[in-house]
Amino acid sequence: MIVQARNVSKTYGSNGHLNKALDNITMTILEGEFVGLMGPSGAGKTSLLNIFSTIDTASSGEIKIMGKDINAMKEAELANFRRHELGFVFQDYHLLDTLSVKDNIVLPLALSGVPVHEIEKRAQEIAHKLDLVDVLSQFPYQISGGQKQRAAVARAMIAKPRLVLADEPTGALDSKAATDVLERLQTLNQTDRATILLVTHDAYAASFCQRIIFMKDGRFDQELDRRGRSRVEFFHVILDMLATLGGNA
Ligand SMILES: Nc1ncnc2c1ncn2[C@@H]1O[C@H](COP(=O)(O)OP(=O)(O)OP(=O)(O)O)[C@@H](O)[C@H]1O
């Protein structure tokens, strides 16, 4: 079990202006799953992802990530946990412009004190997997959006995290670059057994997942399982579901 959440709620604000972003969410994510989270704007997708990321805390409920109760962990322990067990991919890449692509990618390893020769080996390995070998010495402002996002995926994966959390990773990409990033995520899921939780508005991106949870008003509304369907078939099933739910998911 990678994620185990029970009765998780999140309320923002104080006094008279309370906004319940998550309302009693219970879910599990198993090792090796590729789960999508969809839902209209304001449904609570990012709030849930941020709680699993340990970037934010729940107002109530229990959350275990890889069996660890994240509510009970102190900040130093959390930072260590994030660095070793979690990988993050954001819509706007979050690459550091003052570092080369390679230095951006290896940052998590460098921060963990991994020996230089090991860093070099892993950098080459992941650069090959993500087709980044030719841009390793360039800076983020010199490469395309697709290359930036592949670099961000490489950074998220280099420490071999057990859980990767991706928030709209293809939102800023054209369709070719988006396909490329999604296929790489799928390969990392299938070959490296990385568990992935992907937030997306896009049915095409969601069709790469094996299971999709549709959120509405801070709750889980519907769930779809790919169940042996081809990606294209699943894409149509997702579109049908979105139509049933009233679109805008
Ligand atoms: N930091 C915050 N302070 C106050 N309210 C917030 C905060 N973050 C989110 N919310 C509110 O919580 C609710 C859920 O927001 P959240 O960003 O989780 O939704 P979402 O499904 O990710 O939406 P989107 O698809 O637009 O990113 C919304 O009503 C939002 O306004």
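Residues numbered from 1 in each chain as written. Predicted model: local features only at pLDDT ≥ 70, side-chain atom pairs only at ≥ 80, totals over all residues. Heavy atoms only, no water.

**So, the packing of helix α3 (residues 101-111) against helix α5 (residues 145-157)**
Between two packed helices, the angle of one axis relative to the other and the distance separating the axes together describe the packing. Between α3 and α5, whose axes approach to 7 Å, the crossing angle comes to 25°. As far as their axial angle goes, α5 and α3 are roughly parallel. Every pair of crossing elements has a handedness; the one defined by α3 and α5 is right-handed. Facing Val101, Asn104, Ile105 and Pro108 of α3, the residues of α5 in contact are Ala151, Ala154 and Arg155. Looking at side-chain class alone, the contact of α3 with α5 contains five nonpolar, one polar and one charged residues. (Axes fitted to C-alpha atoms, helices over the stretch in contact; angles between N-to-C directions. Helix = DSSP H or I, 4+ residues; strand = E, 2+ residues; numbered from the N terminus. Parallel < 35°, antiparallel > 145°, perpendicular 65-115°, else oblique. Left-handed = near helix turned anticlockwise from the far one by under 90°. Contact = heavy atoms within 4.5 Å. Nonpolar A, V, L, I, M, F, W, Y, C, P; charged D, E, K, R; others polar.)

**Thoughts on the nonpolar core**
Counting 50 residues, the largest nonpolar core has Ile105, Leu132, Val153, Ile212, Phe214 and Ile238 as its most contacted members. If we ignore the near neighbours within four places in the chain, the residues touching Ile238 are Met38, Ala203, Ala206, Ser207, Ile212, Phe214 and Leu224. (Core = buried A, V, L, I, M, F, W, Y, C linked by side-chain atoms within 4.5 Å. Buried < 20%, exposed > 50% of the residue type's maximum accessible area, 1.4 Å probe, protein only.)

**Topic: the UniProt feature "domain: ABC transporter" (unreviewed entry) in the protein chain**
When the UniProt feature table is mapped onto this chain, "domain: ABC transporter" (unreviewed entry) is found at residues 3-242. In residues 3-242, the share of helix is 38% and the share of strand is 26%. The end C-alpha atoms are 26 Å apart. (UniProt positions renumbered as here; feature names shortened; annotations may be inferred.)

**Some details on the layout of surface pockets**
Of the volumes computed, that of the largest pocket is approximately 460 Å³. Surrounding the largest pocket, 17 residues form its lining, Arg82, Arg83, Phe88, Pro108 and Arg155 being those nearest its centre. When residues of the lining of the largest pocket are traced back to their parent elements, those giving at least two are α2 (75-85), β6 (86-90), α3 and α5. The greatest single-element share of the lining of the largest pocket, amounting to four residues, is contributed by β6. Here the lining of the largest pocket is built from residues that sort into twelve nonpolar, two polar and three charged. The calculated volume of the second largest pocket comes to roughly 180 Å³. If you trace the second largest pocket, you find 13 residues lining it, with Lys129, Met157, Lys160, Pro161 and Asp192 closest to the centre. The biggest single contributor to the lining of the second largest pocket is helix α4 (residues 116-129), with four residues. Across the lining of the second largest pocket, the residue classes tally to five nonpolar, no polar and eight charged. (1 Å grid on protein atoms, 1.4 Å probe; cavity = no way out; pocket = protein on both sides within 12 Å on 5 of 7 lines; lining within 4 Å. Points joined across faces, edges and corners; volume = space filled by probe spheres on them.)

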